[in-house]
Structure formats: structure tokens, C-alpha cells
Amino acid sequence: PDMMEWREADARSVDVLLAAHPLNKLVPISKPRRLGKQRVPTVLQRKLKIDPQTRRLAQKNGRKSRLCEDGPRGKRIRERNGENVERPAHADIAGDMEVKMVVGNAQQKKHRRLKVDIGNAYCKARSEREVYWLDLGKSVECFDPETGERLCVEMHCNLYGQEPAGDDWDATLVADIAQAGW
């Protein structure tokens, strides 16, 4: 049963990528090849989600999988594909303005505990990146039901494991907070 639950979590990781941007989609692996582009390799991160009240495995979706770019290998491939990879790799996510905004909002709403998490934040960042293709690897292989050809993900957004992803997210967050009047 444990392997089946992990396989379900792994399949959800592909669904999350597809839902992260309206243009992300599964395409045959022959598409990037026809365009003279290489697929970017991924690694699968798995973790158990613990319920903070019971300190046991969470009943709903207790297993979480996330597909990430295989950092150094992916960077070399994206560079060969003609992408500018010399962008900042850091993000000042907890900058002065953001901290004041979060603490002020929590104080206004009388929250005693404070936790901030924006799910799949890097994928939601605005970016000027070119389209790239992710190789899903053996653990989450997908196949076209009609042709049987292996599929990869055509990506139109950032992904965890990419150096510029954090910087793009930080720029998006700061711009949105400033636009909201903070």
C-alpha cells in the first residue's frame, strides 16, 4: 500500500506542474527534439506530511512529491538551448517590507501564531523565460495513450531547482505588495 500511495503522490506532482501555468502541457518528447532543444532533467523530492496536532502521518495526502529541475545539469542544458542563465540566484524573500506587512496584518487580525506559506510560489512568479521542456524521468513517466510515445512537460513558468526562480518570485512578491499599498 505504501508504494501505491507514493505513486499517487508522484502523479499529483505532474498535475501540479500542469496547473501551475495555463500554457503548461504534456507533449511528445519528439517536439523539443524537432526544435533542436534538449529536455531538462528533473529530480523527484518526496516528503511525509505530519499532522501538527496528532504528530502522525496526515490522513489526507500524507505523502507529497515535488518535481524539481536537476539544478546543475538543467542549467547546462538550458544554456545549450540558448537561454540566458546568468541571472541572480538569490531572493530576499523576508525583506523588511514583507516582514512588516505580515506582522502588521497578523497583529490587526489578532493572530497568536504566524505561518506564511504560498504553495508553489516559484511557479507563480512572473517571468520572461522562454519555453523549455522537462523530462519527467522514470519515476513519473507519462505516455500518449494513442501512440504510446513518452511525454514531457512543455513549461512556461519557473520551477523549483532553477537559479532565477527565487529572484523572479521575490520581484513578483515585492511588486504585488507595493501595488497593494504596503
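The sections below set out a description of the structure shown in this document. (Residues numbered from 1 in each chain as written. Predicted model: local features only at pLDDT ≥ 70, side-chain atom pairs only at ≥ 80, totals over all residues. Heavy atoms only, no water.)

Further remarks concern the side chain of Asp 10. Along the polypeptide, Asp 10 turns up in helix α1 (residues 2–19). Among the polar contacts made by the side chain of Asp 10, one reaches the side chain of Arg 46 at a distance of 2.5 Å. Ignoring sequence-local partners within four residues, the contact set of Asp 10 consists of Leu 44, Arg 46, Ser 65, Ser 139 and Val 140. (Helix = DSSP H or I, 4+ residues; strand = E, 2+ residues; numbered from the N terminus. Polar contact = N/O pair within 3.5 Å; in protein donor to acceptor, adjacent residues only side chain to side chain. Contact = heavy atoms within 4.5 Å.)

In this section: the pattern of salt bridges. Applying the stated criterion to the full structure yields eleven salt bridges. Two residues, Arg 63 and Glu 5, come together in a salt bridge whose shortest N-O distance is 2.6 Å. With a gap of 58 residues between them, Arg 63 in strand β3 (residues 63–69) and Glu 5 in helix α1 connect regions that are remote in the sequence. With relative accessibility at 34%, the residue Glu 5 sits in the partly exposed group. Salt-bridge contacts for Glu 141 lead to Lys 138; the nearest nitrogen and oxygen are separated by 3.7 Å. (Salt bridge = Lys/Arg side-chain N within 4 Å of Asp/Glu carboxyl O. Buried < 20%, exposed > 50% of the residue type's maximum accessible area, 1.4 Å probe, protein only.)

Moving on to the pairing of strand β4 (residues 132–135). Side-chain alternation along β4 places Tyr 132 and Leu 134 on one buried face and Trp 133 and Asp 135 on a second face that is also buried. The pairing of strand β2 (residues 40–48) with β4 spans two bridges and is parallel. Bridge pairing in β4 places Pro 41 opposite Asp 135. Note: β4 against strand β5 (residues 151–155), three bridges, orientation antiparallel. Bridge pairing in β5 places Trp 133 opposite Glu 154. (Pairing = 2+ DSSP bridges.)

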